[in-house]
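Residue-level listing of the chains:
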Amino acid sequence: MFRPLHLTPYIKLNRPFLTSNYPPHPRLFTLSALSLANKALPPRLKIQDADVTISYLKGTGPGGQKINKTNSAVQLIHKPTGVVVKSQATRSRSQNEKIARQLLADKVEQLLHGDQSRAAIRADRARKKKASKMKKSRRKYRELGDGKESLEAEEDDAHESNDSNEDGAAGAEEQRPSQLPGQ
C-alpha cells in the first residue's frame, strides 16, 4: 500500500542566533596568527600560448610498459625566458600538461618577481610556521626542564636536611652509650 508523504513547509521559528542582529561571540584567538594563513596569495601568472612550446615525450621510470611506450610526458619551454619544465606525474597527457603549465607559471613568476611571487610567499609562510612550531616546542620543554630542575632542587634540599638530621641523631646515639656505662 502506498501512502503519499505529506511534506510540510519549513516554518521559521523564533531563533535569535540565526538573525543578523544577534551579537557575535567574543574572539578567543589572536588575529595575527590567522591573518597570516588566510591572507590571499597574488594571482598566478598568466602565460600566453604563443610564448610556450609544447612537446610530448615518452615517459621513463616506474609505471610499467604503458609509461615507456606512450608519449604522455609533457615538456614546456617558455620562449621569452628559456625556462624548461617537464611533467610526468600521471599517465594522462592532459593532466601532465596542466601540471606542467602550473609549474612553468610558478617558475617564470619566481624568475620575474623574486620574493613577491606565489612560491616565495608560500615558502615564507611555511618557514614561519615551522619556526613558530619549533619555538613552541622549545618553550614547552624549557618549562618542563625548569619544573624538573626545581623538583630536583627541592629533593636535594630535602636530602640535605635529612642527612643533617641523621648526622645529629647519630651523634646523639653515640653520646648515650658513653654516658650510660659511666653512671
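All values reported here derive from a predicted model rather than from experimental measurement.

Engineer: Honestly, the overall build of the protein in this entry has me stumped. Any pointers?
Structural biologist: Secondary structure summary: the protein contains four helices and three strands in total. Traced from its N-terminal end to its C-terminal end, the protein shows the element sequence α-β-α-β-β-α-α. Looking at the protein as a whole, 13% of its 183 residues qualify as buried. By sequence separation, contacts in the protein at least 24 residues apart represent 45% of the contacts at least 6 residues apart. As presented, the protein carries roughly 15,400 Å² of accessible surface, and 55% of it is formed by carbon and sulfur atoms.

Engineer: Explain the nonpolar core to me, please; I cannot follow it from the model alone.
Structural biologist: Within soluble globular proteins, side chains that are nonpolar generally end up buried alongside one another. Membership of the largest hydrophobic core is limited to eight residues, which are Val52, Val74, Leu76, Val83, Val85, Ala100, Leu104 and Val108. Contributing elements (two or more residues each) for this core: strand S2 (73–78) and helix H3 (93–113). Setting aside residues up to four positions removed in sequence, valine 83 forms contacts with Leu76, Ile77, His78, Leu104, Lys107, Val108 and Leu111.

Engineer: I would appreciate a short explanation of a positive patch on the surface in the present structure.
Structural biologist: On the surface, a cluster of positive charge is made up of Lys135, Lys136, Arg138, Arg139, Lys140 and Arg142. Looking at where arginine 142 falls in the secondary structure, it is placed in helix H4 (residues 118–182).

Engineer: What should I look at first to understand a negative patch on the surface in this one?
Structural biologist: Among the surface-exposed residues, Glu143, Asp146, Glu149, Glu152, Glu154, Glu155, Asp156 and Asp157 lie close enough to one another that they form a single negatively charged patch. On the secondary structure map, glutamate 154 appears in helix H4.

Engineer: Help me out: how do you make sense of the sheet that holds S2 in this one?
Structural biologist: Sheets are built from strands paired through backbone hydrogen bonds, the pairs being either parallel or antiparallel. Taking strand neighbours across the sheet as the criterion, the three strands line up as S1-S2-S3 in an open arrangement whose pairing is antiparallel. The open sheet has two edge strands, strand S1 (52–57) and strand S3 (84–87), and neither has a second partner. Averaged over all adjacent pairs, the angle separating strand axes in this sheet is 15°, with direction ignored. Bridge count for S1 against S2 is six bridges, and the pairing is antiparallel. When the bridges of S2 are listed, valine 52 appears paired with histidine 78. This element, H3, spans S1, S2 and S3 of the sheet and lies at about 30° to S2.

Engineer: Whenever I open this one, the confidence of the model for the protein confuses me. Can you help?
Structural biologist: Segments scoring low in pLDDT should not have their predicted coordinates read at a detailed level. Here the protein shows a mean pLDDT of 75. Residues at 70 or above account for 65%. For the protein, per-element mean pLDDT is lowest for helix H1 (residues 31–38), which scores 54, and highest for S2, which scores 95.

Engineer: Explain the pairing of S3 to me, please; I cannot follow it from the model alone.
Structural biologist: Each regular strand displays side chains that alternate between the two surfaces of the sheet. Residue alternation in S3 divides its side chains into a buried set, Val85 and Ser87, and an unburied set, Val84 and Lys86. Note: S2 against S3, four bridges, orientation antiparallel. Of the residues in S3, the one forming a bridge with valine 74 is serine 87.

Engineer: Help me understand the pattern of salt bridges, please; the structure alone is not making it clear to me.
Structural biologist: Tallied over the entire structure, the rule returns five salt bridges. Across the pair arginine 127 and aspartate 124 runs a salt bridge, and its minimum N-O distance is 2.4 Å. Of this pair, arginine 127 and aspartate 124 both sit in helix H4, separated by three residues, roughly a single helical turn. Here aspartate 124 falls in the partly exposed class, since its relative accessible area comes to 29%. Ionic contacts of the salt-bridge type, sharing partners, join the residues Asp49, Glu97 and Arg101 into one network.

Thresholds applied
- Residues numbered from 1 in each chain as written.
- Predicted model: local features only at pLDDT ≥ 70, side-chain atom pairs only at ≥ 80, totals over all residues.
- Heavy atoms only, no water.
- Helix = DSSP H or I, 4+ residues; strand = E, 2+ residues; numbered from the N terminus.
- Buried < 20%, exposed > 50% of the residue type's maximum accessible area, 1.4 Å probe, protein only.
- Contact = heavy atoms within 4.5 Å.
- Areas by Shrake-Rupley, 256 points an atom, 1.4 Å probe, with all protein chains shown as cover.
- Core = buried A, V, L, I, M, F, W, Y, C linked by side-chain atoms within 4.5 Å.
- Patch = residues over 30% accessible without salt bridge, like charges linked within 9 Å, V, L, I, M, F, W, Y side chains within 5 Å.
- Salt bridge = Lys/Arg side-chain N within 4 Å of Asp/Glu carboxyl O.
- Lys, Arg positive; Asp, Glu negative; His and termini not counted.
- Charge placed at Lys NZ, Arg CZ, Asp CG, Glu CD.
- Pairing = 2+ DSSP bridges.
- Axes fitted to C-alpha atoms, helices over the stretch in contact; angles between N-to-C directions.
- pLDDT = per-residue confidence, 0-100.

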